[in-house]
Each structure stands twice: as C-alpha cells, then as structure tokens.
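What follows is each chain in one-letter form.
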Protein chains: 2
Amino acid sequence: MINEQYKAMLGGKSVIRSLSEYATARGAAIGYDNVFDYSLGNPSVPCPPDYTTTVIDMYETVEPVALHGYSPSLGIPSVREAIADSLNRRFGMGYTAAHIFPTTGAAGALAHALRAVTKPGDEVITFAPYFPEYQPYVSGTGAYLTVVPADTDNFQINFSAFEAALGPQTVAVLINTPNNPSGAVYSEATLRRLADILRARQTEYGHDIFLISDEPYREIVFDGGEQPYPSKYYDNTLSCYSWSKSLSLPGERIGYVAVNPRATDADLLVPMFGQISRGTGHNCPSSTAQLAVARVIDETSDLSVYETNMNLLYDALTSIGFDVVRPGGTFYIFPKALEDDATAFCMKAKDYDLILVPSESFGVPGYFRMAYCIDTEKVKRSIPVLERFAREVYGL
Amino acid sequence: MINEQYKAMLGGKSVIRSLSEYATARGAAIGYDNVFDYSLGNPSVPCPPDYTTTVIDMYETVEPVALHGYSPSLGIPSVREAIADSLNRRFGMGYTAAHIFPTTGAAGALAHALRAVTKPGDEVITFAPYFPEYQPYVSGTGAYLTVVPADTDNFQINFSAFEAALGPQTVAVLINTPNNPSGAVYSEATLRRLADILRARQTEYGHDIFLISDEPYREIVFDGGEQPYPSKYYDNTLSCYSWSKSLSLPGERIGYVAVNPRATDADLLVPMFGQISRGTGHNCPSSTAQLAVARVIDETSDLSVYETNMNLLYDALTSIGFDVVRPGGTFYIFPKALEDDATAFCMKAKDYDLILVPSESFGVPGYFRMAYCIDTEKVKRSIPVLERFAREVYGL
C-alpha cells in the first residue's frame, strides 16, 4: 500500500525550487536574460579544465572493466587515501584512508553521519539560519531537529540560546560553515567556544555529542581568508563534504565523510557507514567521479567570480539602504527585508523580475537570500532594478 | 552517541564478499590465475565502445556547467523520456517520463520502491533462492522480509508455499528474474499465475499488493530467449533496473524505477520517490551517467561470453555427476552440493582453489553458487579441477 507518510510530504515542495521554476517559466516568457534569478545555488562557473581532461584520459586509457567495476563497499582505497592525504596537508589532521568514506555528495554524507550517531527519537541541534533540507535529512533518520535562533548581528552562533537548548537529549550538533544562506564563516573563536561547550556537556551528561560539520562551501572564502577546519577544534567531529561547489560538479554527486581519528569509536564509524548504505541503497558514488576527483584533489574551479559578485551586491545593497551583514564566503548574501513579512517582500520583488528567496524556511523571519552564482554582467544589470524596486515600493 | 543497531551489524559481513576477499588474498599468494574465483557477480566484459565514445564526446562538446549541473530532483527529463520510450518499444508499455525515476543502480531503485509501498511493520515476501542483500534492503525500511521456500525442481515459484504465506499483512512481493543465484528465468506461465494470485488477494484483503520486480539481468537470457516483462502481467508493478550488468557499469551506479501507468496512484509514486530521496541522501545518480546511458539506451555489452561459460560449466557439472538446473540467464549457476552441508562443501572446495559460495545465505540449504562472469579460458581450466575435487573428496 502507498506509504501515507511520503504521500503527505508531496505538498512540501521547497520554496527555493518553486521560485526557481517560476524564474525558468518567466524566462521562457520574457527571455531569461531579463529575469534576475537569485533563487538557486547552482554553481555558475565550469569545472577546472583538468577535471574534463582527466575524465577523458581515463576513458581513453583505463580498462573499462576496471574503470566501471564495483567500488568496494567503503569506497575505492586509492581515492580514500588521496582524500586523507589532502586533508592532512591542508589542515594538519591525522586521517588515514580508514577515516574517509566517499559519498553521493554532501546529502549522502549527512545521511550516513546522522544515522551513525543518532537513533530514532534523539535530538539534533542546528543554528538558524540553516539549509532547509536539514529538516528532511534529520527526520529521515527518525531523530528530530531543534533550531537555535540566529545571532543576527553577524550570523555567528547565538551561544546563550544554544546553551539553553542543549540537554541530555542532544546527541549531535549540525553546523554549516561557510553558511548557506548567510555567507557567514565561523571564526576560530566561534569554533573554540562551541567545542568548549560541547566538551563540558559531554562530561556533564556522560555521553558523546557529535559535531556534524557540513562544509560544501569550504573553499569559497573571501578577502584571502580561510575557513578554520572545525574538526581541529573538537574530536567528535564528522566532516561532511561535497565537490559540488569547489569543482562545480553538483550533478556528479561526489563527496565524503571524514571521521576525526580521535573521535569515539573512530575506527568503527566508517564500517558502520557501510552498513547504513545497505539499507538506504547508497552503495558508493560513481567510480568515475571517485577516481577523477582523486586526480585533481587540490584544485578548484575559478571561484573568484563569487567574490566579485558579492562585493558588487554588498556595496549596492548597503548604498540603497539595506541592512546586511557582509558575507565571508559562499555565493549567498542574506539582507534584511524592507518589511517584516519576508514572503510579502519577495512577492513584490517578483513584479520587478527580481527572484529573491524569503527567509522563513531558513529559520529566521524578515530576511531574504540572494544566490549570486550568476553572471557578473547580470548582477550589474540587476542593481538599478533593485534600486528602483526599493525606491518605488519602499520609498528608499 | 554511536548507533547501537548499526554497530551490531558490523559482524554481519556478506559471505560472498568474504570469499571474494579470500580469493584476492589467495591470488596474491599463488597468482590470481591459479584461483578459480567464482565468488563475485562483477561483469567481466567491457562496456560497449559506444558508451566510452559517448562520454568522451560529451566531455569534449557539452558545456561543463550543463553536463555537471544539478539534476532536477526526479531526474533529467530527457533521460526519463528516453527510458520510457525504450521500454515502450521493447515491451509495449505505455510509460511516459512521469513514470520513470533514475536511481543509483538497482539498490537505489529498490530503496525507493520499497519505501513507497510499505510502512514499518509491513511484510514483504520474496522467493528462495534470493539475493542476500534483500534482507538489509527491506529491514532498512522498517518492513520485514518473509522468504517462501524454493521450488528446487526448476527454481520457478513454489506456489503452494506462496499461497500459504500470503496474508493481509503482505503489502509487497519482491521477485528477481532472471534470478540471482539460480539463473532461472520466470516463464510467462509463472508470471501469469503470480499475477492471478496477487489480484485475487488484493480483492480478498481490500488493499493493494505491489510487485517489486528486480531486473538487472533482464538482457542476459540464453538460447535466444527473452525475459517476459513482469509489469505486463500485473498492474501494480514497480520495475527496478540497473545498467550494471547489461552495460557492465556497476561502479557508475545507474538504474531506475519504472512505475506501471495502471498502478494505483501511478502518478504520485515518482514524486513520492523524490520525497524519499530527501531523507536517504540519494538525490539522483550522476548526471554524466544519466545522459550517457540515454544515448546508448538500446545497446548492451557483448554478453555472449556468459552463455559460452554457462554451457561449458553446465555440461561439465552434469557429466561429473552434479544435480543442476540449467540456467536460462544471468551469469550464475546453482548446483546441488555433494553433501548436505553446503558450507562444509565449499570449504573443502577452497582447498582446490575453487571459490564457490554456499547457498545458506540465499535461503536454500545444500546448494552452491558459481558466478561465471570470468574468462572462458579460466572456466575451461577449472573443469579438470572440479573433476578432481569431486573424485578425490566425494568419490564421483
């Protein structure tokens, strides 16, 4: 019989996807060039040419039976080793291949990390603003998500609200830095304070609290800065990664979980991920994608366009009169809406063919997200439209 | 905290994988050429050259941002349409793109199909002998698997045992034809009788019973025969497919679910699969793999070696004195062991470097499986060893 739970979810379409579909339809009507579509976080720059030539080279030279054969259930050993080595070089960690589990992107990584350290009925805490898919990701495991209100001064962590929310029922904390949708990059001070609190509560409650760190935007950091590596500050950390943004490969579904070697049961967690896969139908990412990313492990796409776009938008928005925290990374910006009702605000913007995402589904009222992974030329053309919209509708 | 359920599964390593790892280790010691490794169902023939040239062409000519962009959550529309059209041409079905959901292989397909039509506590019935991974696939959904004993005369369906097992608690029946491990191809008569029984029980119990049909070996049928398409005989059928065997692409993780257009809620099921994906971290197979299989949709690898190997082994086994049903397809054969304890039999075979899989985990005692997706030359060399083993240990 049809499963009523999933049937009931059919209404629950993502606001972002609905807006993106509207933008596509509107584009078909008036020309997509005329729609300022800031809805979707789909990378706008190509993968590095080395990725393309690597795959072509593999298809031309590697025996097909080897290239397309089953991965071992925990991933291709040489790929796991290349990932461990790269993380060790960059972040001074002590990973071996045994701590790395290749996954179908960050979604696959989170599906495994969450199942490994929760059981149905447990609490997972995250911080607003947060990626809306965290709700189905967590509820799909049987655990539930508690959202700590935002620190709207700078979109770091609201620690007083976090300390009040934490309790013996909390078994995992889910962070996302650089952050979608705010663009905030958690500072070393933020990560140290978070780790101190978690360690104290582990002792107090007598059980582990895992930090699940979702890091697909790790390499998109502005002003020459770097994202401090969360796992360096807290042993019980599972780092979830995707090459969707850094190599512009979202459709290839390739990422990993990296288990901190000092985590509780560190040596059991990757084999447990393998068991979890058997129940979810995961069974490793594409063998081509695994082998190819391993060959370009320290490369990225040319990500500079995102910083260019961010600076253009940040300057324009502040000069128009928006209240906005300057993003430290990602390709998102998260200004305050010009009225309390962010959905009403975004509906009015649609009349100007400005496609903005209201903030309610990110767990913060009164803001909106712009995904500026679009052509710089279009960002420039959108600025007078933003000005006109703010002036005509809100008198700015 | 570490999930104790998955931790407890860590002992539960697949017998097939353990034997395969033994074969690899033994091969390192004495030369893999000297190990007659019949353990693993990993295709031994390359993908069609067209697949390779198609992927190279796509990487050389398609804009990377398009090639590697996010798939829509229900899969790439042109790919879904190509799959529907191909199935309609071959089997006279009435699929549209709306009935097709691309997945990460058959494991991904089964994960979605099972979740869509069961809820925790429901019963799913399958038939021995069966693929051992059906246990974690089903238990991962919260439903439970009931195994109907084999019809060992021909490895079609033991209908009297099936009719006794079926009850109001049964919501789905899971079949696999051509069958791993027996090589049986369910006949039209078998599929008709199965459908008649299911229709009668649907009426009697007043609820749907879905047929989940796992068909990765669909194109590997011997003697010029064809696998009758199960969905033609029963409306409430979800056909689960993988290109792992027909195109020799197991590592690329590419397959689909096809929903019979006359199934109950046929138009809801694919959108429900999309909701299920959000909880399991699936989010579509690789975009490259989706686009590439669509371009070679009616091709297969040169699968003839499997029939050559089957005939060699079937003739040898029968002439040695084994009791064996001739496979109609796949690359497996499932003879009766020469003693009641199949595991003891296979352990003794290991001393001859014959790697055979005992039948207990397939739900039938006293048999063994040989996966003959290996070089024909090695099959030929293994025959005198099989003869010597049967003579020296069992006096045949």
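Because the structure is predicted, anything quoted here is derived from the model rather than measured.

## Comments concerning the domain arrangement of chain A
Residues and elements named next belong to chain A.
- Its domain assignment divides chain A into domain 1 (4-47 + 302-394) and domain 2 (50-295).
- With 28 residues of domain 1 at the contact, the number on the domain 2 side is 31 residues.
- Between domain 1 and domain 2 we count eleven residue pairs in polar contact (both at pLDDT 80 or more) in total.
- Contributing elements (two or more residues each) for the side of domain 1 that touches domain 2: helix 12 (304-320) and strand 9 (332-333).

## A look at empty space enclosed by the protein
- Using the criterion set out here, one finds five cavities of 30 Å³ or more in the structure.
- The volume enclosed by the largest cavity comes to roughly 60 Å³.
- Counting only elements with at least two residues in the lining of the largest cavity, the list comes to helix 3 (49-61) and helix 11 (287-295) of chain A together with helix 3 (49-61) and helix 11 (287-295) of chain B.
- Looking at the lining of the largest cavity, its residues break down into six nonpolar, four polar and two charged.

## Quick look at the sheet that holds strand 12 (residues 368-371) of chain A
Residues and elements named next belong to chain A.
- Taken in spatial order, the three strands make up an open sheet running 9-12-11, and their pairing is antiparallel. At either end of the open sheet lies a strand with only one pairing partner, and these are strand 9 and strand 11 (357-358).
- Sheet topology places strand 9 next to strand 12; two bridges connect them, and they run antiparallel. Residue pairing across strands places Ile-333 opposite Met-370, the latter belonging to strand 12.

## Topic: the UniProt feature "domain: Aminotransferase class I/classII large" (unreviewed entry) in chain A
- Per the UniProt entry, the sites bearing "domain: Aminotransferase class I/classII large" (unreviewed entry) are residues 42-381 of chain A in this numbering.
- Spanning residues 42-381 of chain A, this segment combines 39% helix with 14% strand, and its end C-alpha atoms are found 20 Å apart.

## Structural notes on the interface of chain B and chain A
- The partner chain A presents 75 residues to the 75 residues of chain B that form the contact.
- Taken over both partners, the interface formed by chain B and chain A buries close to 6,200 Å², and the fraction arising from carbon and sulfur atoms is 58%.
- Arg-278 of chain A is the partner of Glu-133 of chain B in a salt bridge, and the nearest nitrogen-oxygen pair spans 2.8 Å.
- Along the contact surface separating chain B from chain A lie 34 residue pairs in polar contact (both at pLDDT 80 or more).
- Of all the elements in the fold, those that place two or more residues in the side of chain B that touches chain A are helix 1 (4-8), helix 3, helix 4 (64-67), helix 6 (105-117), helix 7 (134-139), helix 10 (266-280) and helix 11 of chain B.
- A total of nine residues in the side of chain B that touches chain A trace back to one element, the largest contributor, which is helix 10 of chain B.

## Some thoughts on the relation of the copies chain B and chain A
- In the superposition of chain B on chain A (RMSD 0.0 Å, axial shift 0.0 Å), the rotation amounts to 180°. Interpreted geometrically, this transformation is the action of a two-fold axis.
- Take the interface residues of chain B: 100% of them recur as interface residues in chain A, which is what a same-surface contact looks like.

About the cut-offs
- Residues numbered from 1 in each chain as written.
- Chains lettered and ligands numbered in written order.
- Predicted model: local features only at pLDDT ≥ 70, side-chain atom pairs only at ≥ 80, totals over all residues.
- Heavy atoms only, no water.
- Domains from an automatic or database assignment.
- Contact = heavy atoms within 4.5 Å.
- Polar contact = N/O pair within 3.5 Å; in protein donor to acceptor, adjacent residues only side chain to side chain.
- Helix = DSSP H or I, 4+ residues; strand = E, 2+ residues; numbered from the N terminus.
- 1 Å grid on protein atoms, 1.4 Å probe; cavity = no way out; pocket = protein on both sides within 12 Å on 5 of 7 lines; lining within 4 Å.
- Points joined across faces, edges and corners; volume = space filled by probe spheres on them.
- Nonpolar A, V, L, I, M, F, W, Y, C, P; charged D, E, K, R; others polar.
- Pairing = 2+ DSSP bridges.
- UniProt positions renumbered as here; feature names shortened; annotations may be inferred.
- Buried area = accessible area lost by both parts, 1.4 Å probe.
- Salt bridge = Lys/Arg side-chain N within 4 Å of Asp/Glu carboxyl O.
- Least-squares fit on C-alpha atoms with pLDDT ≥ 70 in both.

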